[in-house]
Amino acid sequence: MKKYLLVLFFCCLQVALWGQVKNEGIPTIRNYTQKDYKAASQNWAIVQDHRGVMYFGNNSGILEFDGNYWNVIALANRTNVRSLAIDKKGRLYVGGQDDFGYLVPDAQGQLTYVSLKPQIEKQYQNFDDVWKIYPASEGVYFCTTSAIYFLQHNKVKVYKVPAEKSEVAFFLQEKLYVPVIGRGIYELKQGQMVLIPNSQAFSQRVITAMLPAADNKVLLVTEQNGIFLYDGYSHFEPWGTEVHDFLAEAKAGTAIALAEGYAIGTSLDGLLLIDTNGLPRQHLNRDNGLQNNTIRSIYQDNAGNLWLGLNNGIDYLEINSPFTLFNIKNGLPGTAYASLMDKDRLYLGTSDGLFYKNWSNTESPLQASAFRLIGNSQGQVYNLQNIAGHLLLSHHDGAFEVINDKAYRLSDHRGAWLFMPLKTFPGYLICGTYSGLYLYKLVNGNMQYQWKIDGFNESSRVMEEDEEGNLWVAHGYKGVYKIRLDPSLTKTQQVSYYNEQHGFPSNLFINAFKIGGKLVFAGERGVFSYNKATDRFVVHEEFNRLFENNVHVRKLVEDQNGNIWFSAGDELGMLKKQPNGSYEVEKKAFSKMKGKLVGGFEHIAYYDRSNVLFGTDEGFVHYHPSFLQTSNVDHVFNALIRRVEAAADGQDSLVYAGAFAENEVAAVQQPAHFSPRLPYAFNSVKFTYGAISYSDADGMEYQYFLEGHDKNWSPWTKVLQKEYTNLQEGTYTFQVRARDIYNQVSSAATYQFEVSPPWYRSIWAYAVYVVLGLGVLYLVKQLVSRHINQTKLKLEQEQQKALRLKEAQHAEEVLKAEKEIIKLNNNQLENELNLKNKELASSAMHVMHSLETIEKVRFQLQDVIDHVNDRDALHQLRKVLKSVEEEIKFENNWEQFELHFNQIHEDFLKRLRDDFPELTHRDIKLCAYLRMNLSSKEMASLLNLSLRGIETSRYRIRKKMNLEQEVNLAEFILKY
C-alpha cells in the first residue's frame, strides 16, 4: 500500500510541476527585430505547424520562420494579417483585411495563399479585419466584428452578430462566444446568437480573452476590470485579485492558457505569467528584456516556450527551462564570480561589486525587490563566505566583512582571494591573497587581522586543508604547494613544492578540491590524489573513469547529497551519487551551459533542490534542479530541407521552396510523386536545410549524404548549405540530419531528384545512335565492299600501270637511246656544220685572197697597158685584162657560196630574204657571216669594209629587222 501511495505522490508531484513557470530570475529572451525578419513592425497572430515551423501574422503578410531563415508570404490583396490558425489536418488558415483563406504548397513547394472569399455569398463579401480564426470539429470559424463566417464542406455560412459591431469572438470547449458592447456575451447555438444569462455585467467591459479553467469553467480576462471565472451557465465571479490592479493599469490585451497557468499580454507593461491560482509568477517588460511593452499576440510552441508578437518586433521566451538569468537586464551588472544564499538574502558578487536582494522562491514578480549594491564594495569581487556568522568578502581591494549591508575593510593588504578556517587552530582563519597568506582571528565575536605569515609569498587563490592540518595551495601556472605552519602561526614550518616531476602532466592549471573529506587534485589533464608514502601524485582511478581522456577538470563541488558538480573542458555537469556509492555522469541537462562559465574562475554553488547558481561572463544563471520541462532533453525534432536550387551558367533556378505538398498540406517528408527531373545543364544543385530548434539553433550541427554520389555521411558541421557541382545523370537522394546540444539526432530529411542525361546521352539519342549505328554498319559494309572492289580495280590498274610504266620505261630507255643517237648525230652534224662553216669561211677567205691577188694583177696589167704602145700587145693585154675582170666578178662565186650555205644552214639566207625583204645584198652577206660566227675583222675583210663600216651595217640591219635594243644581233642570227 505504501508503495502505491509513493507512486501516486510522485505522479501528483509531476503533474503539479509539469509546465511550471519559474519566478527566479528572467528566462532567456531572444529578440527578433524588423531588420531580422524584413517586414512590418506589428505582429498580430502566431501559430506553429506540425513540422515545427513558426508563422506570424504581420502587417506585411505572413512571416514564416524555421529558426534559421525568414520568409514573407503576401496576401492577394496585400493587406495586414490579423489571425492565423491550423486545423487537425495541418492546414494553415489566414485572416486578413476583407479576405480570408489558407496556405497551400505549390508544385515547387512554395507556400501560396488561396482566398476563400469566392465561396462567400456576394452580399457578405465586404467585411473588415478577420481578428480570430478557430478550427472546430465541424468546420472553421472566421471572426470579424460584424459577422461570423463558418467554413464547412467548402461552403461558407454567415452568422450576423446581434449588433452593428461586436468585440472579438472567442472559442473554447467547442463553444463560440461573442461579446457585444452594451449587451453582454452571446453564445452561438444551432446557428443562433443566444445571450448568456447575467452576462450583461460585461456589457461595458472589454473582454480580451476567454480561457479554459478547471472543471470546464471559463476565465474571462478584461482589459482593465480584472479576471472573472464563469461557470459555463450564468454565474460570474472575480478571480485572481492579486493581479487586478496591475492589469487595470497595464491594460490586458491578449492572453493564452499554459500547461500550468496563463500568459497575459498587456498594452502598456509587457507580459505577466500567473499560475492556476491567479498568483503572479513572472513579469517581463522592456526593462528586463522585451523589445517593447505592447504585446499583440502570444503563442506557446511545442517545446513549451513562448512567442510574443509585439507592437514592434517578435520575442522568444524560454519559459520551459530550468535555467533563468540574473544579469544587467534585471539590475545586476558585471561578470559573475561569487554567490551566497544567507537566510532570506541572496548575495551576488560580480566584477562590478557585491549586490543583494531579499530572496524567496515564491516572491511576487509584481513586488519583487531589486538588486542593491553593498556599500563600499564597488569593484572586483572574488568570494563571499559565511564563516561563524560573519560575511567575509574577498575583494580585489582586500578583505572585508559585510555588516548591515556595508563592507568594512579588515586590513590594509590588497587582493584577497578567499578565507579558510583552520581546523587544527580553532578560531583562526587564513586569508589567501595575491602575495601569500594572512592570519585572522575571531576575538570576542569580532574578526581581527593578526599578521602576514612569513615564508610563503605566492598567490593563494586555491587553498584546502588536509586531515593532518597541512595547507595545500594550488598555483595555476607553477604547481602546488604543501605548507606546514609553525605552531606560532607566524611563519611556515615547511613548504613542499610539487609539479610535473611529481606526477602531474604539467605545471599548468593545477587545482585542489575536497570531495568526501579528502583532497582531490586536478591537473591540465586528469584527476589525481596524493600518495603520502611516495610523496607523489597518482591518477585517481574512479574520477578518471568518469571523465573523458585528457580533459581539463576545472571545478569540482560536492553538495549536501554527495553529488559532485563539475566543470570539465567547456562542459558543465553533475556526478550523481548512486545508492552503492558509485557515480553516474549527467551532462545532457546542462548542455545549454557549455562554454559559458568564467574561465579560471568557474563558480558553481548548490544551495538546495530549487537553487543552484552558475557564474558566467554575462551574469548568473539560476538552475532549478526539480524543474520538470514539458519537453525534456530527449525531445524529438525535425530536420527540414528548406530550399533546393539548381544552377546553370552561373544562374540559380529555384527547384524546391521548402514545403512538400501532401493533400494540400505541408509535409515533413517528400511524397513519392514529388521527384523533380533536372535538365543536365542544371546539374549543379545547392541544398539549404535546417533543424527546427529555436532555443539552441546556434549549437545545432548537421550531417549530410547524397546517395548516388557520396560514399559516407559527412562530418558534423554548422553550415546550413551544401552544393554539389557537375553531377552525372542519374537518380540521387539527398539526406540531412541534425544533432542538437543534447546530442540528440533527428531523423533524416530526404530529397530525391533525378538529373537527366544530356541530349546526346538520352534514350532518344541512344535510339538515334542505334539507327545511326546500323546505318553506319550498313554503310561500312557497303564501303568495305566498295573498298574491296576498288582495291581489286586499283590492283588491276596498278598492275596495268606497272605494265605501262615498264613499257614507258622501256620506251623512255629507247627514246633515251634514240635521243642519245640523235644527240650524237646532232653533235656529228654540228661538227660537220662547224666544219662546213670553217670550210666556207676558209673558202671565202681563200677566194678573197685570190681576188686580192687577181686585183693586184689587174692593177698591174692596167698599169702595163697604160705604158704599152704596141697595139697588138695592147690588144692582147686588154684581152687578158678582161679575162681577169671577169674572174673578179663576185656574183658567180657568191651564188655558189649561197648555195652551199643554204644547204648547211637550212635555207637560212632564203628564209632571211623572205622574212626581211628590206635587207640588201651586202646585208645578207653580213648576216651570213654573223651566222658563221665570224669576227668583225674577218667580216670587214670579206666585205671590204672597215670595222666602223661593219658596225654601221649591223646597226642598219637591226633597224630593218626592228629588233629591240636589248636584243643581241649576233645571238638573234645564230638562233634564227
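Cut-offs and rules
- Residues numbered from 1 in each chain as written.
- Predicted model: local features only at pLDDT ≥ 70, side-chain atom pairs only at ≥ 80, totals over all residues.
- Heavy atoms only, no water.
- 1 Å grid on protein atoms, 1.4 Å probe; cavity = no way out; pocket = protein on both sides within 12 Å on 5 of 7 lines; lining within 4 Å.
- Points joined across faces, edges and corners; volume = space filled by probe spheres on them.
- Helix = DSSP H or I, 4+ residues; strand = E, 2+ residues; numbered from the N terminus.
- Nonpolar A, V, L, I, M, F, W, Y, C, P; charged D, E, K, R; others polar.
- Core = buried A, V, L, I, M, F, W, Y, C linked by side-chain atoms within 4.5 Å.
- Buried < 20%, exposed > 50% of the residue type's maximum accessible area, 1.4 Å probe, protein only.
- Domains from an automatic or database assignment.
- Buried area = accessible area lost by both parts, 1.4 Å probe.
- Salt bridge = Lys/Arg side-chain N within 4 Å of Asp/Glu carboxyl O.
- Polar contact = N/O pair within 3.5 Å; in protein donor to acceptor, adjacent residues only side chain to side chain.
- Pairing = 2+ DSSP bridges.
- Contact = heavy atoms within 4.5 Å.

## Here we look at the layout of surface pockets
Link 1 in the chain: In this model, the largest pocket occupies a volume close to 1700 Å³.
Link 2 in the chain: Looking at the largest pocket, it is lined by 50 residues, and the ones nearest its centre are N383, Q385, L418, E464 and K555.
Link 3 in the chain: Mapped onto the lining of the largest pocket, the elements with two or more residues apiece are β30 (336-342), β34 (381-387), β38 (416-421), β42 (462-465), β43 (471-475), β46 (511-515), β50 (553-558) and β54 (604-608).
Link 4 in the chain: Examining the composition of the lining of the largest pocket, we find that 6 residues originate from one element, β34, more than from any other.
Link 5 in the chain: Of the residues assigned to the lining of the largest pocket, the class counts are 27 nonpolar, 13 polar and 10 charged.
Link 6 in the chain: As a volume, the second largest pocket reaches approximately 980 Å³.
Link 7 in the chain: Contributing to the lining of the second largest pocket are 40 residues, with S591, K592, M593, K594 and I741 lying nearest its centre.
Link 8 in the chain: Mapped onto the lining of the second largest pocket, the elements with two or more residues apiece are β1 (29-32), β29 (323-326), β52 (571-577), β53 (583-586) and β56 (619-623).

## Describing the nonpolar core
Link 1 in the chain: If you look at the biggest cluster of nonpolar residues, it comprises 31 residues, and the most contacted ones within it are L271, L306, L317, W565 and F614.
Link 2 in the chain: Tallying contributions element by element places strand β27 (residues 306-310) first for this core, with 3 residues.

## Brief notes about the domain arrangement of the protein chain
Link 1 in the chain: Domain boundaries in the protein chain define domain 1 (25-37 + 205-320), domain 2 (74-204), domain 3 (639-658 + 669-757) and domain 4 (901-974).
Link 2 in the chain: Placing the centre of domain 2 and that of domain 3 at their C-alpha centroids yields a distance of 39 Å.
Link 3 in the chain: In total, domain 2 and domain 3 occlude about 380 Å² of area from one another, counting both sides; carbon and sulfur atoms represent 44% of this.
Link 4 in the chain: Looking at the side of domain 2 facing domain 3, the largest losses of area belong to Q108, G109 and Q110, adding up to 87% of the total buried there.
Link 5 in the chain: The interface formed by domain 2 and domain 3 includes 0 salt bridges.
Link 6 in the chain: Between the two partners, domain 2 and domain 3, sit 2 residue pairs in polar contact (both at pLDDT 80 or more).
Link 7 in the chain: Considering only residue class, the side of domain 2 that touches domain 3 consists of 1 nonpolar, 3 polar and no charged.

## Side note on the sheet that holds strand β63 (residues 701-707)
Link 1 in the chain: Read from one edge to the other, the open sheet built from 4 strands follows the order β61-β66-β65-β63, with strand pairing classed as mixed. Two strands lie at the open edges of the sheet, namely β61 (677-678) and β63, each paired on one side alone.
Link 2 in the chain: Judged from the 2 bridges that link them, β61 and strand β66 (residues 749-755) form a sheet pairing that is parallel. If you follow L678 over to β66, its bridge partner there is V755.

## A few points about the environment of G479
Link 1 in the chain: By the element assignment, G479 lies in strand β44 (residues 479-485).
Link 2 in the chain: For the pair G479 and G523, spaced 44 residues apart in sequence, the C-alpha separation works out to 9.1 Å.
Link 3 in the chain: The residues touching G479, leaving out its near neighbours within four places in the chain, are V473, A474, Y497, Y498, N507 and I510.

## Points about empty space enclosed by the protein
Link 1 in the chain: Scanning the entire structure with this criterion turns up 4 cavities of 30 Å³ or more.
Link 2 in the chain: In this structure, the largest cavity occupies an estimated 80 Å³ of space.
Link 3 in the chain: If you trace the largest cavity, you find it lined by D49, Y55, G90, R91, L92, L103, P105, L111, E664, V665 and A666.
Link 4 in the chain: Listed by contribution, the elements that provide at least two residues to the lining of the largest cavity are β8 (100-105) and β60 (665-667).
Link 5 in the chain: Taken together, the residues of the lining of the largest cavity sort by class into 7 nonpolar, 1 polar and 3 charged.

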